[in-house]
Amino acid sequence: MVRKSGEIVAKVIGAGKEYKAGDTVITALKASSVDLISGELTLIIGPSGSGKTTLLSLLGCVIYPSFGEVWIGGKKVNELNEKSLAQIRLEKIGFVFQKFNLIAPLTALENVMMPLILQGVSDKEARVKATLALEKVGMGDRMKNLSNDLSGGQQQRVAIARALVTDPDLMLCDEPTASLDIKSVGIVMNELKLLATQGKAVAVVTHDTRLTPFADRIIYVIDGAISDKPAEEETTKR
Ligand SMILES: Nc1ncnc2c1ncn2[C@@H]1O[C@H](COP(=O)(O)OP(=O)(O)OP(=O)(O)O)[C@@H](O)[C@H]1O
Ligand SMILES: [Mg+2]
């Protein structure tokens, strides 16, 4: 499907997240504002514990903000109930989790078919689409394997296939290349870049400096806050 570029697909406005642990409050992300735009691949970079996964989870409707607003495709979603939020995730968002979250007793193919089956797509059509998605990430020859029997990098690629199989407007990937060798990084990032040029908004959380050439835009997250500049020590390292 050809989509227009330059549209705001996801937006957080002054949104952040706090967790209570006993008497203390942990601020995972301070009030932040970010737009993700169709046609763009955005990298989200920052040190461990800085709030990257929290930001991605807000954009992906995986968690509710403690304050601020989250908008998906022109709809304010932070006040919707769990069920409506799950529907928005299923229809509009492909999320690659940092820990993959594949379903262990299922094969690679069945894992990738799952979101389509949940959408009500027939088994036959889901099988065809899932096969194509797995082939795109170089996993066409391991489709019948149980996900537990795959290597970390292979599981990561299955998780990416599962995220892109529904053709979502928004692709959010948390460290999608952490377990990949340089060849697989190229395959995965070229595919994500292609999805962006086809009109999706793509955001990738990473520590991996191999990914910067693929970025249209870089957002830095430092100590729970968003910045358009890297952290001090990263600047002085260069
Ligand atoms: N459910 C939670 N309960 C309590 N604290 C949390 C929770 N989730 C995240 N945090 C805290 O919020 C901060 C930001 O976490 P987050 O997972 O967003 O970091 P990150 O930048 O993704 O780190 P990494 O690169 O290690 O994955 C951390 O200090 C973390 O311990
Ligand atoms: Mg993280």
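Residues numbered from 1 in each chain as written. Chains lettered and ligands numbered in written order. Predicted model: local features only at pLDDT ≥ 70, side-chain atom pairs only at ≥ 80, totals over all residues. Heavy atoms only, no water.

S.K.: What is the right way to look at the coordination of the magnesium ion (ligand 2) in this model?
M.R.: When four donors bind a metal tetrahedrally, each ideal donor-metal-donor angle is 109.5 degrees, and when six bind octahedrally, the ideal angles are 90 or 180 degrees. In this structure, Thr 53 (OG1) and Gln 98 (OE1) serve as the protein donors to the magnesium ion (ligand 2), at separations of 2.0 to 2.4 Å. On the criterion of sequence distance, the pair formed by Thr 53 in helix 1 (residues 52-59) and Gln 98 in the loop between strand 6 (93-96) and helix 3 (108-118) is long-range, its members being 45 residues apart. The exposure class assigned to Thr 53 is partly exposed, which follows from its relative accessible area of 32%. Here Gln 98 falls in the partly exposed class, since its relative accessible area comes to 41%. (Donors = N, O, S within 2.8 Å, 3.2 Å for Na, K, Ca; no water. Helix = DSSP H or I, 4+ residues; strand = E, 2+ residues; numbered from the N terminus. Buried < 20%, exposed > 50% of the residue type's maximum accessible area, 1.4 Å probe, protein only.)

S.K.: Can you walk me through the packing of aromatic side chains in this structure?
M.R.: Centre-to-centre distance and the angle between the planes together describe a pair of aromatic rings. Inspection of every chain in the model, using the stated rule, returns one aromatic pair. A ring pair is formed by Phe 95 and Phe 97, whose centres lie 4.6 Å apart and whose planes are at 35 degrees; its orientation type is tilted. Residue classification places Phe 97 among the partly exposed residues on the basis of a relative accessible area of 26%. (Phe/Tyr/Trp six-rings, centres within 6.5 Å; stacked < 30°, edge-to-face > 60°.)

S.K.: I would appreciate a short explanation of the pattern of salt bridges in the present structure.
M.R.: When the charged atoms of two side chains lie near each other, side chains of opposite charge can form a pair. Inspection of every chain in the model, using the stated rule, returns nine salt bridges. Ionic pairing is found between Lys 76 and Glu 79, a salt bridge with its closest N-O pair at 3.8 Å. Close ionic contact of Lys 129 with Glu 125 constitutes a salt bridge, the shortest N to O distance being 3.1 Å. Of this pair, Lys 129 and Glu 125 are both found in helix 4 (residues 123-136), four residues apart, which corresponds to roughly one turn of the helix. What makes Lys 129 partly exposed here is its relative accessible area of 35%. A network of salt bridges, in which partner residues are shared, links Glu 69, Lys 76 and Glu 79. (Salt bridge = Lys/Arg side-chain N within 4 Å of Asp/Glu carboxyl O.)

S.K.: Mind showing me how you'd approach the packing of helix 5 (residues 152-164) against helix 6 (residues 182-197) here?
M.R.: Angle between the axes and distance between the axes: these two values describe a pair of packed helices. As a packed pair, helix 5 and helix 6 sit with axes 12 Å apart at the nearest point and diverge in direction by 10 degrees. Between helix 5 and helix 6, the crossing angle belongs to the class labelled roughly parallel. Contact residues: Arg 157, Ile 160 and Leu 164 in helix 5; Ser 184, Val 188, Glu 191 and Leu 195 in helix 6. (Axes fitted to C-alpha atoms, helices over the stretch in contact; angles between N-to-C directions. Parallel < 35°, antiparallel > 145°, perpendicular 65-115°, else oblique. Contact = heavy atoms within 4.5 Å.)

S.K.: Where do I start with the pairing of strand 6 in this structure?
M.R.: The alternating pattern of strand 6 places Ile 93 and Phe 95 and Gly 94 and Val 96 on opposite faces, both of which are buried. Relative to strand 7 (residues 170-174), strand 6 runs parallel, the two sharing four bridges. From the neighbouring strand, Ile 93 faces strand 7, where its bridge partner is Leu 170. (Pairing = 2+ DSSP bridges.)

S.K.: Is there a simple way to think about the side chain of Glu 175 in this case?
M.R.: You can see Glu 175 is positioned in the loop between strand 7 and helix 6. It turns out Glu 175 is buried and unbridged, and the closest side chain with the opposite charge, Lys 52, is 5.1 Å from it. (Lys, Arg positive; Asp, Glu negative; His and termini not counted.)

S.K.: Whenever I open this one, the site of ligand 1 confuses me. Can you help?
M.R.: Residues in contact with ligand 1, as listed here, are Tyr 19, Ala 28, Pro 47, Ser 48, Gly 49, Ser 50, Gly 51, Lys 52, Thr 53, Thr 54, Gln 98 and His 207. Taking Ser 50, its main chain carries an N or O atom lying 3.2 Å from an oxygen atom of ligand 1. Here an oxygen atom of ligand 1 and a side-chain polar atom of Thr 54 are 2.6 Å apart. For ligand 1, whose unbound accessible area comes to 640 Å², protein coverage reaches 62%. (Near = heavy atom within 4 Å. Polar contact = N/O pair within 3.5 Å; in protein donor to acceptor, adjacent residues only side chain to side chain. Areas by Shrake-Rupley, 256 points an atom, 1.4 Å probe, with all protein chains shown as cover.)

S.K.: Honestly, the packing of helix 3 against helix 5 in this entry has me stumped. Any pointers?
M.R.: Where helix 3 meets helix 5, the axes come as close as 8 Å, and the angle between the chain directions of the two elements is 25 degrees. Between helix 3 and helix 5, the crossing angle belongs to the class labelled roughly parallel. Of the two possible hands of crossing, helix 3 and helix 5 adopt the one that is right-handed. Along the contact surface, helix 3 presents Ala 108, Asn 111, Val 112 and Pro 115, while helix 5 presents Val 158, Ala 161 and Arg 162. Partitioned by chemical class, the residues of the contact of helix 3 with helix 5 number five nonpolar, one polar and one charged. (Left-handed = near helix turned anticlockwise from the far one by under 90°. Nonpolar A, V, L, I, M, F, W, Y, C, P; charged D, E, K, R; others polar.)

S.K.: Would you mind showing me how to read the sheet that holds strand 5 (residues 75-76) here?
M.R.: Think of a sheet as strands paired side by side through backbone hydrogen bonds, with each pair either parallel or antiparallel. Taking strand neighbours across the sheet as the criterion, the four strands line up as 2-1-4-5 in an open arrangement whose pairing is antiparallel. A single partner strand is all that each edge strand has here, and the edge strands are strand 2 (24-37) and strand 5. Along the sheet face, helix 1 touches strand 1 (8-21), strand 2 and strand 4 (67-72) and points at about 125 degrees away from the line of strand 1.

S.K.: What exactly am I supposed to notice about the nonpolar core here?
M.R.: For soluble globular proteins, nonpolar side chains are generally found buried alongside one another. The biggest cluster of nonpolar side chains holds 42 residues, and the ones touching the most others in it are Leu 192 and Val 204. Mapped by element, the contributors of at least two residues to this core are strand 3 (41-45), helix 3, helix 4, helix 5, strand 7, helix 6 and strand 8 (201-206). Ranked by size, the runner-up nonpolar core spans 27 residues in total, among them Leu 59, Cys 61, Ile 72 and Val 221. (Core = buried A, V, L, I, M, F, W, Y, C linked by side-chain atoms within 4.5 Å.)

These figures capture arrangement, not role.
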